[in-house]
Amino acid sequence: MSYLSVSSRDIAKFLGVEHNGPFITLNGVSSLKNPKHNTLIWSKSANPDLLTEFSASGQVFAIVPISSNITGYLAVTVEKPRDAFSDCLKKFFSTNSTREISKRALISRSASIGKNVSIGANCLISREVKIEDDVTVNDNVTIIGPGKIGQSSEILSGARLGVDSLAITQGSSQNKIMPQLGGFSIGTKCRIGVNSFV
């Protein structure tokens, strides 16, 4: 997988920490066990000897804990290196065109699925459903069209969109089926709660 190049200066600035160089161009990420040239790594406890070896060759730029007292190397120190590394992955090294669709999801061929959409296991998505870019549909969700889910929305587990619901109507103690009357439209950056009916 190829990424756009990013400078170690960009990483330091993004994390809000000071780093006085030297700076290198990073072409991806790697692990401490198998470091690759010009990549970003993290460590929960920095080994100064190992870091000196990597830094001397300009091999990696490391995110290490504040307690390591590493200075003058190709490294930045932060409170939580793993979280900082994860944030950097999302900001600089993710691809926005990937689809993460579970093999256990049942999706109609006529459904429209945007870019960077994640669909969990045991989901049912029928025809006439449009899911825009950057949407997350968690496990066990049923979506019956016609309907649209706006960009950057999240549908939490067990939600039912466009389906009949079981409800108690006013003045009655019996459960009755409440029919779905028409389609649905979820806006941009919306979050539909667990086990909700829309």
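Within the largest apolar cluster, 20 residues are counted, with the highest numbers of intra-cluster contacts made by Ile-119, Ile-131, Val-137, Ile-143, Ile-149, Ile-155 and Leu-161. The contact partners of Ile-119, leaving out residues within four places of it in the chain, are Glu-100, Ile-101, Ser-102, Ala-105, Ile-107, Ile-113, Ile-125 and Val-137. Counting residues in each nonpolar core, the second largest holds 16 residues, with Ile-24, Leu-40, Phe-61 and Ile-63 among its members.

With that settled, consider the pattern of salt bridges. Proximity of charged atoms lets side chains of opposite charge pair with each other. Tallied over the full model, the rule gives three salt bridges. Between Glu-132 and Lys-148 there is a salt bridge; the shortest N-O distance is 3.7 Å. Taken as a pair, Glu-132 in the loop between β11 (129-131) and β12 (136-137) and Lys-148 in strand β14 (residues 147-149) lie far apart in primary sequence, 16 residues in all. Residue classification places Lys-148 among the partly exposed residues on the basis of a relative accessible area of 32%. A salt bridge links Glu-154 to Arg-191, with the shortest nitrogen-to-oxygen separation between them at 3.2 Å.

Next up on the list: helix α1 (residues 8-15). Owing to its 3.6 residues per turn, the α-helix aligns residues three or four sequence positions apart on the same side. Residues of α1 that are buried include every one of Ser-8, Ile-11, Ala-12 and Leu-15, and no others. Each buried residue of α1 sits inside an arc of 95° when the element is viewed along its axis, so together they form one side. Buried residues along α1 sit in contact with β1 (6-7), β2 (25-26), β3 (39-42), β4 (60-65), β5 (75-78) and α3 (81-92). N-capping of α1 is provided by Ser-7, with a side-chain oxygen placed 2.9 Å from the backbone N of Arg-9. Trailing α1 by a residue or two, Gly-16 shows a phi angle of about 70°, which is positive.

Time to look at the sheet that holds strand β20 (residues 191-192). The strand order across the open sheet built from five strands is β6-β9-β12-β15-β20, with neighbouring strands paired in parallel fashion. Either end of the sheet is taken by a strand with one partner, and the two such strands are β6 (100-101) and β20.

Glancing now at the environment of Arg-109. Among the structural elements, Arg-109 can be located in the loop between β7 (106-107) and β8 (112-113). On the basis of relative accessible area, Arg-109 is assigned to the exposed category, the value being 88%. When the C-alpha atoms of Arg-109 and Arg-127 are compared, they prove to be 7.2 Å apart, with 18 residues separating the residues in sequence.

With twelve residues, α3 extends 16 Å between its outermost C-alpha atoms, agreeing within 8% with the 16 Å of an ideal straight helix rising 1.5 Å per residue. Buried within α3 are the following residues: Pro-81, Ala-84, Phe-85 and Cys-88. Projected down its long axis, α3 shows its buried positions confined to an angular sector of 100°, all on one face. Exposed residues pointing more than 90 degrees away from the buried face of α3 are listed as Arg-82 and Lys-90. In the core, the buried residues of α3 are packed alongside α1, β3, β4 and β5.

Each neighbour pair has its own omega, and for Gly-145 with Pro-146 the value is 10°, a cis peptide bond. Structurally, Pro-146 can be placed in the loop between β13 (142-143) and β14. A positive phi is found at Asn-195, a non-glycine position, where the angle reads about 60°. Of note, Asn-195 is situated in the segment after β20. Under the relative-accessibility criterion, Asn-195 is labelled exposed at 53%.

Mapped onto the fold, Ser-126 is located in the loop between β10 (124-125) and β11. A distance of 2.8 Å separates a polar side-chain atom of Ser-126 from the backbone nitrogen of Gly-145. With residues near it in sequence (within four places) discarded, Ser-126 still touches Ser-108, Ala-111, Ile-143, Ile-144 and Gly-145.

Cut-off values and rules
Residues numbered from 1 in each chain as written. Predicted model: local features only at pLDDT ≥ 70, side-chain atom pairs only at ≥ 80, totals over all residues. Heavy atoms only, no water. Core = buried A, V, L, I, M, F, W, Y, C linked by side-chain atoms within 4.5 Å. Buried < 20%, exposed > 50% of the residue type's maximum accessible area, 1.4 Å probe, protein only. Contact = heavy atoms within 4.5 Å. Salt bridge = Lys/Arg side-chain N within 4 Å of Asp/Glu carboxyl O. Helix = DSSP H or I, 4+ residues; strand = E, 2+ residues; numbered from the N terminus. Arc of directions from axis to C-beta. Polar contact = N/O pair within 3.5 Å; in protein donor to acceptor, adjacent residues only side chain to side chain. Pairing = 2+ DSSP bridges. Expected span 1.5 Å × (residues − 1).

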